[in-house]
Amino acid sequence: MPGPSHRASPAAAVRTAVVTVSDTRTAETDTSGHAIADALLAAGHDVAARDLVPDDAAAIAAVVERHARRGDVRAVLVTGGTGLSPRDVTVDALAPLFDKPIAGFGELFRRLSFDEIGAAAMLSRATAGVVGTCAVFVLPGSEHAVRLAMTRLILPELGHIAAELVKR
């Protein structure tokens, strides 16, 4: 039988920001951003900001870094721009900001995706990392993929991750 949980106390609400990367979506048609925000709120977390930015590396990096370094946000969830097309620059824009990668997130996301969509899962460059004391999750733009990542990976561990990032 395993020893005491390393997460014995219930997780507190986490203050978050949601960023959608797209040249084509609007605030009204941003189904993936809405899915993320709705899932966070339903789980008791706080969505402090929502942004919609174009597929531009400098703009993406600036918005995410602003949220990650503002001090009160513990997680930034980004949707869009994780594929292989020339316009998919989100991963390339954000990876240099990471103080520490969270390699297991991308690995597990692709494994779960493989179970649902097969070999096409390898086309996703979903990733995550730490910027200062903030976790940054970079998700595909597909609403289905976002829901998978939120329910199976992010929400079950978000409180734990946030708590780990502020330990001294």
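Above this text sits the structure in question.
Conventions used here
- Residues numbered from 1 in each chain as written.
- Predicted model: local features only at pLDDT ≥ 70, side-chain atom pairs only at ≥ 80, totals over all residues.
- Heavy atoms only, no water.
- Helix = DSSP H or I, 4+ residues; strand = E, 2+ residues; numbered from the N terminus.
- Expected span 1.5 Å × (residues − 1).
- Buried < 20%, exposed > 50% of the residue type's maximum accessible area, 1.4 Å probe, protein only.
- Arc of directions from axis to C-beta.
- Contact = heavy atoms within 4.5 Å.
- Pairing = 2+ DSSP bridges.
- Axes fitted to C-alpha atoms, helices over the stretch in contact; angles between N-to-C directions.
- Parallel < 35°, antiparallel > 145°, perpendicular 65-115°, else oblique.
- Left-handed = near helix turned anticlockwise from the far one by under 90°.
- Salt bridge = Lys/Arg side-chain N within 4 Å of Asp/Glu carboxyl O.

Participant: An account of helix α2 (residues 57–68) is requested, with residue identities and associated values reported.
Facilitator: For α2, with 12 residues, the first-to-last C-alpha span of 16 Å sits near the 16 Å given by 1.5 Å per residue. Residues of α2 that are buried include every one of Ile60, Ala61, Val63, Val64, His67 and Ala68, and no others. Summarising the axial view, the buried residues of α2 lie within an arc of 170°, below the 170-degree limit, and thus occupy one face. Looking at the buried positions of α2, the neighbouring elements they touch are β1 (15–21), β2 (46–53), β3 (75–79), α3 (90–94), β5 (127–131) and β6 (134–139).

Participant: How would you sum up the sheet that holds β1? Please name residues and give values.
Facilitator: Within the open sheet, the six strands sit side by side as β2-β1-β3-β6-β5-β4. Their pairing is mixed. Here the strands that pair on one side only, and so sit at the sheet edges, are β2 and β4 (100–101). When β5 meets β6, the two strands line up antiparallel, connected through five bridges. Following the sheet pairing, Val130 is matched in β6 by Ala135. Running over the sheet, α2 touches β1, β2, β3, β5 and β6 and is turned about 165° from β2.

Participant: Give a description of the packing of helix α1 (residues 31–42) against helix α5 (residues 143–165) that names residues and reports values.
Facilitator: For the pair α1 and α5, the least separation of the axes is 10 Å and the interaxial angle reads 25°. As the angle between them shows, α1 and α5 are arranged roughly parallel. The handedness of the crossing between α1 and α5 is right-handed. For the pair α1 and α5, the contacting residues are Thr31, Ser32, Ala35, Ile36, Ala39 and Leu40 in the first and Glu143, Val146, Arg147, Met150, Leu155 and Leu158 in the second.

Participant: I'd love a proper account of the pattern of salt bridges, names of residues and values included.
Facilitator: Taken as a whole and assessed by the stated rule, the structure comprises 11 salt bridges. In this structure, the salt-bridge partner of Arg125 is Asp92, at a minimum N-O distance of 3.1 Å. With Arg125 in the loop between α4 (103–117) and β5 and Asp92 in helix α3, this residue pair connects regions lying 33 residues apart in the sequence. Using a relative accessible area of 24% as the deciding quantity, one classes Arg125 as partly exposed. One salt bridge in this structure joins Glu143 and Arg147, with 2.7 Å as the shortest N-O distance. Here the residue Glu143 and the residue Arg147 both occupy positions in helix α5, the gap between them amounting to four residues, near one helical turn. A relative accessible area of 30% places Glu143 in the partly exposed class.

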